[in-house]
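So the chains spell out like this:
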Amino acid sequence: CDNNACFAEDLDEEMGMDKGEGREQRRLDEEEFDTAGMWEEKFGDHHDSKPFGPMSVGMELTFPSSNHLFGLPEHASSTQLKTTAGNEGHHHYKEPYRLYNLDVFEYELDETMALYGHIPLVISQSMTTGTAGAFWFNPTETFVDIEETPEVGSEDVASKTHFMSESGIVDLFLLPGPDPTALYEQYARLTGRMPLPPMFSLGYHQCRWNYRDEADVYAVHAKFEELDYPYDVLWLDIEHTDGKRYFTWDKKTFPDPIEMQKKLGGDGRRMVTIIDPHIKRDNNYYIHAEATKLGLYIKDRKGEKDYDGWCWPGSSSYLDFTNEKVRGWWAEQFHYNKYQGSTPELFTWNDMNEPSVFNGPEVSMQKDLLNLNKCEHREWHNLYGMLFHRSTGEGLVQRNEGQNVRPFVLSRSFFASSQRYGAIWTGDNEAKWSHLEIAAPMLLGLNVGALSFVGADVGGFFGNTDAELMTRWMQAGAYQPFFRGHAHHDAKRREPWMFGDETMVRLRRAAMARYALLPYWYTVFWHAGVSGMPVMRTMWMQYPKVPELYSVDDQYLIGSDLLVKPVTSAGAITSTVRFPLTDCWYDVDTMQRMQGNKKYAGNTVSMTVDSDIDKIPVYQRGGSVVPRKLRLRRSSHLMMNDPYTLYVALDNDLKADGSLYMDDETTFDHEKRLDFGVASFSSNWRENIAIRNSVHVGSEDAINSKAKSDRIVERIVVMGVPAKPSKISLMSTDSTEATLMEFQYDASTQILIIRKPGVSALEEWTMEL
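Given the structure is predicted, the values throughout are model-derived calculations rather than measurements. (Residues numbered from 1 in each chain as written. Predicted model: local features only at pLDDT ≥ 70, side-chain atom pairs only at ≥ 80, totals over all residues. Heavy atoms only, no water.)

1. Observations concerning the sheet that holds strand 28 (residues 604-610)
Reasoning step 1: Within the open sheet, the three strands sit side by side as 25-28-27. Their pairing is antiparallel. One side of each edge strand has no neighbouring strand; the edge strands of this open sheet are strand 25 (574-580) and strand 27 (599-601). Each strand axis lies, on average, 30 degrees off the axis of its neighbour in the sheet, ignoring direction.
Reasoning step 2: Here strand 25 runs beside strand 28; their pairing, made up of seven bridges, is antiparallel. (Pairing = 2+ DSSP bridges. Helix = DSSP H or I, 4+ residues; strand = E, 2+ residues; numbered from the N terminus. Axes fitted to C-alpha atoms, helices over the stretch in contact; angles between N-to-C directions.)

Structural data, given as structure tokens:
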């Protein structure tokens, strides 16, 4: 590359790309360059020596016949990428999308500004050309322009992306699709598949900066117990440590952390503590002393001294997670004999891993710092958080004998392939309606980037929420993959009971809906790991032939079968939901097929639905079977052997199908011993099949495949039944005679219920009409 405007002009010519006549001239001619800052650069009081001089790589890609591009997470903006360049200034944003992992305080909405993590992936969805994607594998600071030419609405529209990276090489992967299912399988093969998380991590997480001491922890836990309010994990922020020295405890406030974890664990709960990558520079602190002795820290620009930055502990050093030796050493620190006070019930939260440096440029490291291989920080900046996340997860696996317990690690920063290492959240949001509104588009953007285990903090991190906002956020959070309530230390306490009894009941009802659906969530996560398809899906992912849904990001699908429309405005009593006409839909509360006033638009219909303070609009797709567990428990652990209820929603042809994935919900035995079972349910009422179960087990000798009595189906609810059948009889593999089933049918609601059928989800059987 011979100058800062090094782009793939030859590729432009070969593909017949528009040369950009009339667009904003960001790509200046060589003679117009301002050469100041090319060889060294100042940013406030910071200095970038640029020892290798000016560098840049770039490429322009055109997606023909498409005006719907998605990807480039993370930005606090719409899921669909908006234009940043165009003819005569006709574009939405003035600046390109920036991909540079940063610790951003109170981020702005509807902006292209950089946030905590990034994935340089763009996906096009078009009726003409289908689904296609491009992955620009470059972890350096990157800008991406989006342009539609010649203009939106013209017949020969095309979308352009212009990638501009500070350094690195041209490393481009094209994903041909041609549909979302094929594309995400291709991307999973390229960057890795999401492992199945432990079941407890799909429950509700209660967090605050900070729970003060053990008495505070016990009080919060006891109140959840008293109120029969389900939760799975209680979190501790940085104040639990000894002077912000990670892997330690404040002995005054947390004198017996092992007993604390055992007490909560005895009630089926886990705990999480925060562990960040900055290490307090204290020679009496064993982590710092050993890391210094072994030479594990990032160096200054000359490669001579350990880098000294400022973060929560004050003067801090930063481990070089680009180095395999350092990652291995870090993983060892989680062993129980090293992390004193930790138990198998304790899991981890990685924050500040962009990396955050309070006295650095843009609250991060100088770009000319060196790793242990003497490679500049600018070359690997966006990888740092992901590699830290990875190393922590490996430590949680290695700490257990046999390395057979699934880890849980939450990270703020990420890059492509972070889906392999744990959960991600959207960072420091605010207790405002606007931040609740942007949560769904942001989370959908992350899922476009194949990060499925994601969530936005319920209630908003900064500021104070009122009862209505907290209710709406809890309702929405119950239908996002990662479900955590969190708050800043300056915010008022906002545990569910802090808003009065009436609101507490509403919040508990939202949490109960989440817990009832845990079998479905777990199955969708399993399917995501197998197929690569996201857990939380944009409408176009499931309906790529319905262009009217391409831009929709205020409603979404969980898997293929539940449509969710969060309520994101104060005082709302109705909502407008857009349904694809290819399927019918049932309200999950009333179990009634959606009817009423409809407004048709192409292949969709819009309906105004009730959504008062007690209602979040959620709908089950006709043609699906959704498993639930309906017995109220206080944690997912206590639900493990509870029976299932199957909700069968018949489609227009009176058919339905669905699956239920089962394993021990905790270990790697589903991989190591093939200890799992998958029940595949199907209905075809026109062929007199009320419901049939076909079972696949990984291994006939596995423990869970034999646990048929622990996988009982206690109820089957069928929606959309047009007439009462004369009888329903059960045929099972262990019996040669049919057994008549007792059932109830309501002609006014067209709901049929089979109670206590006495069948197992791990046995094959058929119920015939």
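2. Observations concerning the pairing of strand 13 (residues 270-274)
Reasoning step 1: Here strand 13 lies mainly inside the structure; five of its five residues are buried.
Reasoning step 2: Neither face of strand 13 is open: one carries Arg-270, Val-272 and Ile-274, the other Met-271 and Thr-273, and all of them are buried.
Reasoning step 3: Across four bridges, strand 12 (residues 233-236) lies against strand 13 in parallel orientation. Residue pairing in the sheet places Leu-234 in a bridge with Met-271 of strand 13.
Reasoning step 4: In this fold, strand 12 hands off to helix 4 (residues 257-266), which returns the chain to strand 13; that crossover is right-handed.
Reasoning step 5: Alignment of strand 13 against strand 17 (residues 346-350), held across four bridges, turns out to be parallel. (Buried < 20%, exposed > 50% of the residue type's maximum accessible area, 1.4 Å probe, protein only. Right-handed = clockwise from strand over helix to strand, strands pointing away.)

3. Brief notes about the packing of aromatic side chains
Reasoning step 1: Summed over all chains, the structure comprises 47 aromatic pairs.
Reasoning step 2: Relative to Tyr-187, the ring of Phe-135 has its centre 5.9 Å away and its plane inclined at 90 degrees; by these criteria the two rings are edge-to-face. Separated by 52 residues along the polypeptide, Phe-135 in strand 7 (residues 130-136) and Tyr-187 in helix 2 (residues 180-191) bring together distant segments of the chain.
Reasoning step 3: Residue class for Phe-135 comes out buried when judged on its relative accessible area of 3%.
Reasoning step 4: Judged by centre distance (5.0 Å) and plane angle (70 degrees), the ring pair of Phe-247 and Phe-334 falls under edge-to-face. Here Phe-247, found in the loop between strand 12 and helix 4, pairs with Phe-334, found in the loop between helix 6 (324-332) and strand 17; they are 87 residues apart in sequence, far enough to count as distant. Across the pair, Phe-334 and Phe-247 agree in class, each one buried.
Reasoning step 5: Each residue in the set Phe-247, Trp-249, Phe-254, Phe-321, Trp-330, Phe-334, Tyr-339, Trp-380, Tyr-384 and Phe-388 is aromatic and connected to the rest through ring pairs, giving one cluster.
Reasoning step 6: Here the basic side chain of Arg-399 rests over the ring of Phe-347, its NZ or CZ set 5.2 Å away from the ring centre.
Reasoning step 7: A cation sits over an aromatic face here: Arg-484 above Trp-425, 5.0 Å from the ring centre. (Phe/Tyr/Trp six-rings, centres within 6.5 Å; stacked < 30°, edge-to-face > 60°. Lys NZ or Arg CZ within 6 Å of the ring centre and 35° of its normal.)

4. Observations regarding the pairing of strand 8 (residues 142-149)
Reasoning step 1: With seven of eight residues buried, strand 8 lies mostly within the body of the structure.
Reasoning step 2: The sheet contact formed by strand 5 (residues 97-99) and strand 8 spans three bridges and is antiparallel. Counted as the bridge partner of Leu-99 is Thr-142 from strand 8.
Reasoning step 3: One ladder, built from eight bridges, connects strand 8 with strand 9 (residues 158-165); its direction is antiparallel. By the bridge assignment, Glu-148 is partnered in strand 9 with Ser-159.

5. Observations concerning the sheet that holds strand 16 (residues 314-318)
Reasoning step 1: Read from one edge of the open sheet, three strands run 14-16-15, paired in antiparallel fashion. This sheet does not close on itself; its edge strands, each paired only once, are strand 14 (278-280) and strand 15 (309-311). Put simply, the sheet's adjacent strands are angled 60 degrees from each other on average, direction ignored.
Reasoning step 2: Here strand 15 pairs with strand 16 via three bridges, running antiparallel. The residue of strand 16 that forms the bridge with Trp-310 is Ser-315.

6. Concerning unusual backbone geometry
Reasoning step 1: Cis peptide bonds are those with omega within 30 degrees of zero, and the linkage from Pro-73 to Glu-74 qualifies with 15 degrees.
Reasoning step 2: You can see Glu-74 is positioned in the loop between strand 4 (69-71) and strand 5.
Reasoning step 3: Omega for the peptide link from Trp-209 to Asn-210 comes to 10 degrees, which places this bond in the cis form.
Reasoning step 4: Within the element layout of this structure, Asn-210 appears in the loop between strand 11 (204-206) and helix 3 (214-226).
Reasoning step 5: The backbone of Asn-688 sits at a positive phi, close to 65 degrees, despite the residue not being glycine.

7. Topic: the nonpolar core
Grouped burial of nonpolar side chains is what soluble globular proteins tend to show.
Reasoning step 1: Core analysis: the biggest nonpolar cluster contains 137 residues, and Leu-319, Trp-330 and Phe-408 have the highest contact counts within it.
Reasoning step 2: Sequence-distant contacts of Phe-408, defined by excluding residues within four places in its chain, comprise Pro-198, Phe-200, Ser-201, His-205, Trp-235, Val-272, Phe-347, Thr-348, Leu-396, Ala-423, Phe-453 and Phe-482. (Core = buried A, V, L, I, M, F, W, Y, C linked by side-chain atoms within 4.5 Å. Contact = heavy atoms within 4.5 Å.)

8. Remarks on the packing of helix 3 against helix 4
Reasoning step 1: Close contact between helix 3 and helix 4 brings their axes to 11 Å; oriented N to C, the two are set at 0 degrees. Considered as vectors, helix 3 and helix 4 are oriented roughly parallel to each other. Together, Glu-214, Val-217, Tyr-218 and His-221 of helix 3 and Pro-257, Glu-259, Met-260, Lys-263 and Leu-264 of helix 4 make up the contact between the two elements.
Reasoning step 2: Class assignment of the residues belonging to the contact of helix 3 with helix 4 gives a composition of five nonpolar, one polar and three charged. (Parallel < 35°, antiparallel > 145°, perpendicular 65-115°, else oblique. Nonpolar A, V, L, I, M, F, W, Y, C, P; charged D, E, K, R; others polar.)

9. Focus: helix 3
Reasoning step 1: Here helix 3 contains 13 residues, and its C-alpha end-to-end distance of 18 Å stays within 8% of the 18 Å for a straight helix at 1.5 Å per residue.
Reasoning step 2: Taken together, the buried positions of helix 3 are occupied by Glu-214, Asp-216, Val-217, Val-220, His-221, Phe-224 and Glu-225.
Reasoning step 3: For helix 3, the secondary structure elements touched by its buried residues are strand 11, strand 12, helix 4 and strand 13.
Reasoning step 4: For helix 3, the capping residue at the N-terminal end is Asp-213, with a side-chain oxygen 3.2 Å from the backbone nitrogen of Ala-215.
Reasoning step 5: Looking at the residues trailing helix 3, positive phi occurs at Asp-228, about 50 degrees. (Expected span 1.5 Å × (residues − 1). Polar contact = N/O pair within 3.5 Å; in protein donor to acceptor, adjacent residues only side chain to side chain.)

10. Focus: helix 6
Because the α-helix completes a turn every 3.6 residues, residues three or four places apart line up on one side.
Reasoning step 1: Taken together, the buried positions of helix 6 are occupied by Val-326, Arg-327, Trp-329, Trp-330 and Ala-331.
Reasoning step 2: Against strand 14, helix 5 (286-294) and helix 7 (384-398) lie the buried residues of helix 6.

11. Looking at the confidence of the model for the protein
Reasoning step 1: For the protein, per-residue confidence averages 93 on the pLDDT scale, and residues scoring 70 or more make up 94% of the total.
Reasoning step 2: Low pLDDT, under 50, characterises residues 1-26; the predicted model gives this stretch 61 contacts beyond four residues in sequence or across chains. (pLDDT = per-residue confidence, 0-100.)

12. What about a nonpolar patch on the surface?
Reasoning step 1: There is a patch of nonpolar side chains on the surface, built from Trp-310, Trp-312 and Phe-358 and spanning about 310 Å² of accessible area.
Reasoning step 2: Within the secondary structure, Trp-310 is located in strand 15.
Reasoning step 3: The exposure class assigned to Trp-310 is partly exposed, which follows from its relative accessible area of 47%. (Patch = residues over 30% accessible without salt bridge, like charges linked within 9 Å, V, L, I, M, F, W, Y side chains within 5 Å. Areas by Shrake-Rupley, 256 points an atom, 1.4 Å probe, with all protein chains shown as cover. Salt bridge = Lys/Arg side-chain N within 4 Å of Asp/Glu carboxyl O.)

13. Section: the side chain of Thr-348
Reasoning step 1: Topologically, Thr-348 is positioned in strand 17.
Reasoning step 2: Classification of Thr-348 as buried rests on a relative accessible area of 2%.
Reasoning step 3: The residues contacting Thr-348, other than those within four sequence positions of it, are Val-272, Thr-273, Ile-275, Phe-334, Thr-392, Leu-396, Phe-408, Val-409 and Leu-410.

14. A word on the pattern of salt bridges
Reasoning step 1: Enumeration over the complete set of coordinates arrives at 45 salt bridges.
Reasoning step 2: Between Arg-493 and Asp-216 there is a salt bridge, with its nearest N and O atoms 3.1 Å apart. Here Arg-493, found in the loop between strand 21 (483-485) and helix 10 (501-516), pairs with Asp-216, found in helix 3; they are 277 residues apart in sequence, far enough to count as distant.
Reasoning step 3: In this structure, the salt-bridge partner of Arg-245 is Asp-282, at a minimum N-O distance of 2.9 Å. With Arg-245 in the loop between strand 12 and helix 4 and Asp-282 in the loop between strand 14 and helix 5, this pair connects stretches of sequence that are 37 residues apart.
Reasoning step 4: When its relative accessible area of 17% is taken as the criterion, Arg-245 is described as buried.
Reasoning step 5: Asp-282 sits in the buried class, given a relative accessible area of 16%.
Reasoning step 6: Several salt bridges converge on common partners, so that one network encompasses Asp-48, Arg-98, Glu-141, Glu-166, Glu-362, Lys-367, Glu-376 and Arg-378.

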